[in-house]
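Letter by letter, the chains look like this.
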Amino acid sequence: MIARVWHGSTKPADADRYVAHLRQNVLPELRAIAGFRGEQILRRARGDRVDFTVITLWDSIEAIARFAGPDPEVAVVAPDAQAILTAYDRRAAHYDVIEP
């Protein structure tokens, strides 16, 4: 299993809006992809910003490519999300999951 890890930040006033975007748009799309195994959304308030770490679990790099395209490390950030985020990773990192 592979964990795909990505980070982004919002203003505190936009944090709930970003979570709603994930729940309404991103997660349903991911759950429909063969090889998707689950997700964890981490949130951390840090004064004038809120940081998010999104961890998705996949069967293989090929499954990730069904979501991300031919370069599986490219971050997939929809224009709606880009409008909410103040900063975000342009590339995701992949890790072998040793213990689920």
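Refer to the structure presented above.
Calculation notes
- Residues numbered from 1 in each chain as written.
- Predicted model: local features only at pLDDT ≥ 70, side-chain atom pairs only at ≥ 80, totals over all residues.
- Heavy atoms only, no water.
- Helix = DSSP H or I, 4+ residues; strand = E, 2+ residues; numbered from the N terminus.
- Contact = heavy atoms within 4.5 Å.
- Buried < 20%, exposed > 50% of the residue type's maximum accessible area, 1.4 Å probe, protein only.
- Core = buried A, V, L, I, M, F, W, Y, C linked by side-chain atoms within 4.5 Å.
- Salt bridge = Lys/Arg side-chain N within 4 Å of Asp/Glu carboxyl O.
- Pairing = 2+ DSSP bridges.
- Phe/Tyr/Trp six-rings, centres within 6.5 Å; stacked < 30°, edge-to-face > 60°.

S.K.: Whenever I open this one, the side chain of T53 confuses me. Can you help?
M.R.: One can find T53 in strand β3 (residues 50-58). Contacts of T53, omitting those with residues within four sequence positions, involve V5, W6, H7, Q40, I41 and L42.

S.K.: When you look at the environment of A34 in this model, what are you seeing that I'm missing?
M.R.: As for its placement among the helices and strands, A34 is situated in the loop between α1 (15-31) and β2 (36-45). The class for A34 is exposed, based on a relative accessible area of 51%. Between the C-alpha atom of A34 and that of G69, which follows or precedes it by 35 residues, the distance is 14 Å. When residues no more than four places from it in sequence are discounted, the contact partners of A34 are A63 and R66.

S.K.: What's the story with the nonpolar core in this structure? I'm lost.
M.R.: Ranked by internal contacts, the top residues of the largest apolar core, which has 14 residues, are W6, Y18, F52, V77 and L85. Mapped onto this core, the elements with two or more residues apiece are α1, β3, α3 (79-84) and β4 (85-88). For Y18, the residues in contact, after removing those within four places along its chain, are W6, T10, F52, V54, A81, I84 and L85. In this structure, I2, L27, W58 and I64 belong to the second largest nonpolar core, which totals ten residues.

S.K.: Sorry, what's going on with the pattern of salt bridges here?
M.R.: Oppositely charged side chains may form a pair once their charged atoms are brought near each other. Going through the model one piece at a time under the given rule, you end up with eight salt bridges. With its nearest N and O atoms 3.5 Å apart, the salt bridge here joins R17 to D14. Assessed through its relative accessible area of 47%, R17 is described here as partly exposed. Residue D51 pairs with R49 through a salt bridge whose shortest N-O separation is 2.8 Å. Residue classification places R49 among the partly exposed residues on the basis of a relative accessible area of 32%. In this structure, a network of salt bridges that share partners links the residues R46, R49 and D51.

S.K.: What is the right way to look at the pairing of β3 in this model?
M.R.: Across a regular strand the side chains alternate sides, sitting on one face of the sheet and then on the other. Most of β3 is tucked away: eight of the nine residues are buried. Pairing analysis gives nine bridges linking strand β1 (residues 2-10) to β3, with the strands arranged antiparallel. Across the sheet, T10 pairs through a bridge with V50, a residue of β3. Summarising the sheet, β2 and β3 pair through nine bridges and their orientation is antiparallel. Directly across from I41, in β3, lies its bridge partner V54. In sequence, β2 turns back onto β3 through a hairpin of four residues, with G47 there showing a positive phi of about 70 degrees.

S.K.: Honestly, the packing of aromatic side chains in this entry has me stumped. Any pointers?
M.R.: Evaluation of the coordinates by the stated rule reveals five aromatic pairs. Between W58 and F67 the ring centres are 6.1 Å apart and the planes differ by 20 degrees, which places this aromatic pair in the stacked class. Residues W58 and F67 agree in their burial class; the two are buried. Put simply, the rings of W6, Y18, F52 and Y88 touch in pairs and so form one group of aromatic residues.

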